[in-house]
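Residue-level structure breakdown
Spelled out, the chains give:
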Amino acid sequence: MGVSKNATIQSMEEAYHAGITLFGENRIQIALPKIEYFLFNSAFHEVDFHFIGHLQTNKINKIVPAFSAIQSVSDLKLAESLHKRIPSYLVPYPVLLEVKTTEDKKKVGWTPTCILEEFEQLLSFSSLHIAGLMTMAPFVDEDESVRKSFRTLRETKETIEKRYSIPLPVLSMGMSRDYTIAIEEGANMLRIGNAIFGG
């Protein structure tokens, strides 16, 4: 995924022609003109946008129709709000569940223990399609701390799949500074911003 939240449409076009067809945005007001430009322009095919920012319940009605998935569902209350407000023509709506794999108090998301306890309830939200898990590694220089974060997410995914007999195909982790470690630990979706668009 090309994280295009700070990118211009021109630089996004260049990324598209280089092979990027999935973009991540975190602010609905800034994203909408970009989404309209790409989705209503016949020169571009198979372009998707995922919402990757902090999801506010008062903006769900604007965000859901504009994006093909939300990658930042971080707690049970938020998941339930989404479930209740997904329009029928978009059901089931793809989401990724955000897991907090560090002790950083500034980060949001389920702890690995909590998501295991609440996953059965999450499955009852039939408007949602739980496509996988995501996390953000700590912003540190020690590779082992980063690796531990990514390994924790992969192990949490594997535990959920085994316990609930459900596939979670998407493992979204790794950004410009740490994507090589993420790949080594099993990531199949990277969120790359600076390495593509600069900044």
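Details of the structure are given in the entry above.
Let me begin by describing the structure that accompanies this report.

Scoring rules and cut-offs
- Residues numbered from 1 in each chain as written.
- Predicted model: local features only at pLDDT ≥ 70, side-chain atom pairs only at ≥ 80, totals over all residues.
- Heavy atoms only, no water.
- Core = buried A, V, L, I, M, F, W, Y, C linked by side-chain atoms within 4.5 Å.
- Buried < 20%, exposed > 50% of the residue type's maximum accessible area, 1.4 Å probe, protein only.
- Salt bridge = Lys/Arg side-chain N within 4 Å of Asp/Glu carboxyl O.
- Helix = DSSP H or I, 4+ residues; strand = E, 2+ residues; numbered from the N terminus.
- Phe/Tyr/Trp six-rings, centres within 6.5 Å; stacked < 30°, edge-to-face > 60°.
- Axes fitted to C-alpha atoms, helices over the stretch in contact; angles between N-to-C directions.
- Parallel < 35°, antiparallel > 145°, perpendicular 65-115°, else oblique.
- Left-handed = near helix turned anticlockwise from the far one by under 90°.
- Contact = heavy atoms within 4.5 Å.
- Nonpolar A, V, L, I, M, F, W, Y, C, P; charged D, E, K, R; others polar.

Concerning the nonpolar core
In this structure, Phe67, Ile70, Leu82, Leu97, Ile115, Phe119 and Leu122 are the most contacted members of the largest nonpolar core, which totals 54 residues. Val3, Leu96, Met134 and Val170 belong to the second largest nonpolar core, which has eight residues in total.

Concerning the pattern of salt bridges
On inspection of all chains with the given rule, the structure shows 10 salt bridges. Put simply, Glu80 and Lys84 hold a salt bridge, and the shortest N to O gap is 3.5 Å. One end of the pair is Glu80 and the other is Lys84, both in helix 4 (residues 76-85) and four residues apart, which spans about a single turn. We classify Glu80 as partly exposed; its relative accessible area is 32%. Notably, a salt bridge pairs Glu144 with Arg151, separated by 3.8 Å at the nearest N-O pair. By relative accessible area, which is 26% here, Arg151 ends up partly exposed. When salt bridges with common partners are traced through the structure, they connect Glu144, Arg147, Arg151, Arg154, Glu158, Glu184 and Glu185 into a single cluster.

Some remarks on the packing of aromatic side chains
Inspection of the entire model under this criterion finds nine aromatic pairs. Arranged with centres 4.7 Å apart and planes meeting at 55°, the rings of Phe38 and Phe44 form a pair that is tilted. Since its relative accessible area comes to 1%, Phe38 is described here as buried. A relative accessible area of 8% means that Phe44 is categorised as buried. Each residue in the set Tyr16, Phe23, Tyr37, Phe38, Phe44 and Phe49 is aromatic and connected to the rest through ring pairs, giving one cluster.

Remarks on the packing of helix 1 (residues 9-17) against helix 2 (residues 28-39)
When two helices pack together, their arrangement is given by the angle between the helix axes and by the axis-to-axis distance. Relative to each other, helix 1 and helix 2 sit at 45°, their axes nearing to 11 Å. Between helix 1 and helix 2, the interaxial angle falls into the category oblique. In this structure, helix 1 crosses over helix 2, and the sense of that crossing is right-handed. In this structure, helix 1 contributes Ile9, Met12 and Glu13 to the contact, and helix 2 contributes Pro33, Lys34, Tyr37 and Phe38. Across the contact of helix 1 with helix 2, the residue classes tally to five nonpolar, no polar and two charged.

Digging into the packing of helix 5 (residues 112-123) against helix 6 (residues 143-164)
Interhelical geometry of helix 5 versus helix 6 gives an angle of 40° and a closest axis separation of 11 Å. One element, helix 5, and the other, helix 6, form an angle in the oblique class. Where helix 5 crosses over helix 6, the handedness of that crossing is right-handed. Facing helix 5, whose interface residues are Pro112, Ile115, Leu116, Phe119, Glu120 and Leu123, helix 6 presents Thr152, Thr156, Thr159, Ile160, Arg163 and Tyr164. Among the residues making up the contact of helix 5 with helix 6, the classes are represented as seven nonpolar, three polar and two charged.

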